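Okay, here's what each chain looks like letter by letter:
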Amino acid sequence: MNKNTSGKISALVIAGETSGDMHTAKLISRLKTKGDFEFFGIGGDAMAGQGVEILFHVNDMAFLGFLEVVKHLPFIKKVFRTLEDTLRSRKPDFVLLTDYPGFNLKFAKAAKKAGIPVVYFISPQVWAWGKGRIYRIARYVDKMLVILPFEKDIYLGRGLDTEFVGHPLKDAEPIFPDKKSFFIHAGLNPSLPCVALLPGSRRQEISKLLKPMIEGYKLLKKEHPELQAIIAAAPHQPSDLYTTLKEESISVVYGKTKEALYLCDAAIVASGTATLECAIASTPMVVVYKLSQASYLIGKTLIKLDTIALANIVAGKKIVPELIQHDVNPHKIAKVLSAVLFDKKTRTIMKKELNIVSEKLGHRGASERAAISIMKFLREKGFKTA
């Protein structure tokens, strides 16, 4: 029986970053077709568009690097206490957590202590941080929905109900953008080569990565004057983050990242989910990643990977070049980008490998499969779902 007197199944939802907001919104959309729900918690505009009551916005929660997290600890603790109070006062039927492990794993423990079932969508990257976390996750999480093909095996034998649902990026409707109209609208020439610049969605990422991206592009343009660039900007960030650095051969587009990736000849991409978007679009790329020096040194001692780009991790080998920390400079970006753009053999091999990565991410329907799995989980817990 549902505990909620309204008859609805209630869920406290936490998605602390823009990509999590987008993926959770798709999942919530599918859940709403299968039952009567109410959702509240941390999210963004996409979740709000699905009727989620936003208690804290993702824009206030996305911190990059260890020192940045420490700097904002008082605010993070305030949010955590508020949500703990919400657990006690509103008594949701279950908690739905998306990625954001530093916060969400602690909250899973609080929910478990309160006797509230926990569903975790998009696993913490235990393969990067060391597998010691797995036992902690298994103690506090009741259902794990993973989106990368190798993650289910990581949880095998740990007593945690785990299901691979595929990557929600594959749920997007196929697009067939018209190159001529897109480029003309952006003020660029559709017959000339173009690079997409994706500096991330967080202000800290953009401030560290966009300038060296542009300077690297400008160096390469000296050798190839026909070259153009498009900055795929995050719609929720102020325009001056982008426009103060751009020049005539660079256009800024908002909310058109997918179109830019499909139509551009190559991309310079901040490490993260965008590398998988490039893989799905079969767009050759250079991956860049930069933190404050102190955060980088701390992370280097903790992260157990030889590669950081998700496209490389899913591939199981380095198929796209990575420039990390001090290597994120204009000269190295220009050198690597030149091969990615103009070396036919490099491009052919990379495109083939990216297509394999895309296939490994599963087929369309990840959000639907995740919703079906949650509904089954709720029925097993005794909730009326239809």
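For the structure, check the block above.
Residues numbered from 1 in each chain as written. Predicted model: local features only at pLDDT ≥ 70, side-chain atom pairs only at ≥ 80, totals over all residues. Heavy atoms only, no water.

**A look at the overall build of the chain**
Here's step 1: When its secondary structure is counted, the chain shows 18 helices and 13 strands.
Here's step 2: Here the chain holds 386 residues, and 53% of them are scored as buried.
Here's step 3: Considering only residue pairs separated by 6 or more positions, the chain has 65% of its internal contacts joining residues 24 or more positions apart.
Here's step 4: Approximately 17,100 Å² of the chain is accessible, and the part contributed by carbon and sulfur atoms is 54%. (Helix = DSSP H or I, 4+ residues; strand = E, 2+ residues; numbered from the N terminus. Buried < 20%, exposed > 50% of the residue type's maximum accessible area, 1.4 Å probe, protein only. Contact = heavy atoms within 4.5 Å. Areas by Shrake-Rupley, 256 points an atom, 1.4 Å probe, with all protein chains shown as cover.)

**Thoughts on the nonpolar core**
Here's step 1: One finds F94, F121, I230, Y242 and I374 to be the most contacted residues of the largest nonpolar core, which totals 94 residues.
Here's step 2: It is helix α10 (residues 203-223) that contributes the most residues to this core, 7 residues altogether. (Core = buried A, V, L, I, M, F, W, Y, C linked by side-chain atoms within 4.5 Å.)

**Describing the sheet that holds strand β11 (residues 266-270)**
Here's step 1: With parallel pairing, the 6 strands of this open sheet are ordered in space as β10-β9-β8-β11-β12-β13. Single-partner strands in this sheet number two, and they are β10 (250-254) and β13 (322-324). Across this sheet, the average inter-strand angle for adjacent strands is 20°, counted without regard to direction.
Here's step 2: Relative to strand β9 (residues 228-233), strand β8 (residues 194-198) runs parallel, the two sharing 4 bridges. Each bridged residue has a counterpart across the sheet, and for L197 the counterpart in β9 is I231.
Here's step 3: Strand contacts of helix α13 (residues 274-281): β8, β11 and β12 (285-289), with the helix running at about 160° to β11, the strand carrying the most contacts. (Pairing = 2+ DSSP bridges. Axes fitted to C-alpha atoms, helices over the stretch in contact; angles between N-to-C directions.)

**Section: the environment of D36**
Here's step 1: By the element assignment, D36 lies in the loop between α1 (18-31) and β2 (37-43).
Here's step 2: Judged by its relative accessible area of 45%, D36 falls in the partly exposed class.
Here's step 3: Every residue in contact with D36, bar those within four places of it in the chain, is listed here: K8 and I9.

**Describing helix α18 (residues 366-380)**
Count 3.6 residues to each turn of an α-helix, and residues three or four apart come out pointing the same way.
Here's step 1: Between its first and last C-alpha, α18 extends 21 Å over 15 residues, near the 21 Å set by a 1.5 Å rise per residue.
Here's step 2: Regarding α18, the residues found buried are A366, S367, A370, A371, S373, I374, M375, F377 and L378. (Expected span 1.5 Å × (residues − 1).)

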